[in-house]
Amino acid sequence: GVIVGMADSGLDKGSLADLPLDLQSTAGRIPRVVMLKSFSGREIPDDPIGHGTHMAGTIVGSGESSDGQFKGIAPGASLYFQGLLDKDGKINLPSSLQNLYLPAYLAGVRIHINGWGEVGANYGVRSSQSDQFIYEHPDFLAIFGAGNQGPGRSTLTGEASSKNVLTVGSSQSPRPAFSPEAVDADLAASSSSRGPTSDGRIKPELIAPGSAIISVCSRLTESNFSSNQAYTRLGGSSMATSVTGGAAALLMEYLKSKTGITKPSSALLKALLINGARTPKEGPSDQNGFGILDLAGTILPLEENSVKIAEIQEGIKSGANQEFRFQVSDPSRAFKATLTW
């Protein structure tokens, strides 16, 4: 029942009537892909690059072509897809990101995935546009990849520097046969862009599996996964972003069905994902954020009622304060407090 928005290169052959098996709809549920349209003037929102199709499969893929082995993170979700390739095959963004976000929001999208960004940019116009839209629509979570310009410090894209989005870097996946940087699940991938932002904020907030990710192959590209040509292998912070987007969809479903929070704010989703993150070997840092995405670490405390949630919808005025007190009765257990906005 969760609709995830994504803006990327395109989707397979660009037709809702002819999708790869893993992205086709199944009887008795809303379509797996509810919308597919070009937002950059391309006649057909197809994917000759393969990037968008791969990300889409990571989020909502059914795994039908592999008997479920390579299904997406949230195969019960649906996808609202916005193609960004222009007629020349290049990413071409609208003058205002509101032109992407607003149609998706009006269609019911509350999680929006973006695996693109301007290399080497500081906080700029598009950063501000994301922040403004989320401020005006506080239940809209935009997730951006940190970029692939690592391992140097402060190598984020401008879009990843936005304050209100959730920025995700790439951690390694333990698949050494596929990639030299797919060895240790507790380390960031060397290619992943690092923070901090130009004004010193911690970004990315999270890192997530992003190296040697196997997902749906666009039929306009050639697969590099010999054992099953329906899939291909890609790596980068975009892949980590789609993994996180799927996790956020599962978290949203959990909150709605199990806690009665029917309209979770983007700040709450960020807080829960950050709070449940696994501490990496290098520890939390201004370069790699607060930890590695760990959905079990987020959900289990909710199940056990060992996490407390406070959403201050009206905000806190300048000079005011709000205080919370906790009695720590078991010093052997970790205590975490996560503040987001």
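Please read all numbers here as calculations on a predicted model, not as lab measurements.

## Thoughts on the pairing of strand S3 (residues 78-83)
Buried residues dominate S3, accounting for 6 of its 6 residues. Both faces of S3 are covered, namely the face carrying Ser78, Tyr80 and Gln82 and the face carrying Leu79, Phe81 and Gly83. Across 6 bridges, strand S1 (residues 3-8) lies against S3 in parallel orientation. Paired with Asp8 across the strands is Gly83, a residue of S3. Sheet analysis places strand S2 (residues 33-38) next to S3, joined by 5 bridges and oriented parallel. Along S3, the bridge assignment pairs Leu36 with Phe81.

## Quick word on the sheet that holds S1
Two strands in a sheet stick together by hydrogen bonds in their backbones, pointing the same way (parallel) or opposite ways (antiparallel). Strand order in the open sheet formed by 8 strands is S2-S3-S1-S4-S5-S6-S7-S10, and the pairing between neighbours is parallel. The sheet is open, and its two edges are formed by S2 and strand S10 (291-292), each paired on a single side. Packed on one face of the sheet, helix H2 (residues 98-106) meets S1, S3, strand S4 (111-114) and strand S5 (141-145) and runs near 155° to S3.

## Re a nonpolar patch on the surface
Taken together, Phe324, Phe326, Val328 and Phe335 make up a surface patch of nonpolar side chains, about 430 Å² in accessible area. Relative to the helices and strands, Phe326 resides in the segment after helix H6 (295-303).

## A closer look at the packing of aromatic side chains
Here the structure, examined in full by the defined rule, presents 10 aromatic pairs. With a centroid separation of 5.3 Å and 45° between ring planes, the pair formed by Tyr101 and Phe133 is classed as tilted. Taken together, the residues Tyr101 in helix H2 and Phe133 in helix H3 (residues 125-136) connect sequence positions 32 residues apart. A residue is classified by how much of its surface remains accessible, and Phe133, at 2% relative accessible area, is buried.

Conventions used here
- Residues numbered from 1 in each chain as written.
- Predicted model: local features only at pLDDT ≥ 70, side-chain atom pairs only at ≥ 80, totals over all residues.
- Heavy atoms only, no water.
- Buried < 20%, exposed > 50% of the residue type's maximum accessible area, 1.4 Å probe, protein only.
- Helix = DSSP H or I, 4+ residues; strand = E, 2+ residues; numbered from the N terminus.
- Pairing = 2+ DSSP bridges.
- Contact = heavy atoms within 4.5 Å.
- Axes fitted to C-alpha atoms, helices over the stretch in contact; angles between N-to-C directions.
- Patch = residues over 30% accessible without salt bridge, like charges linked within 9 Å, V, L, I, M, F, W, Y side chains within 5 Å.
- Areas by Shrake-Rupley, 256 points an atom, 1.4 Å probe, with all protein chains shown as cover.
- Salt bridge = Lys/Arg side-chain N within 4 Å of Asp/Glu carboxyl O.
- Phe/Tyr/Trp six-rings, centres within 6.5 Å; stacked < 30°, edge-to-face > 60°.

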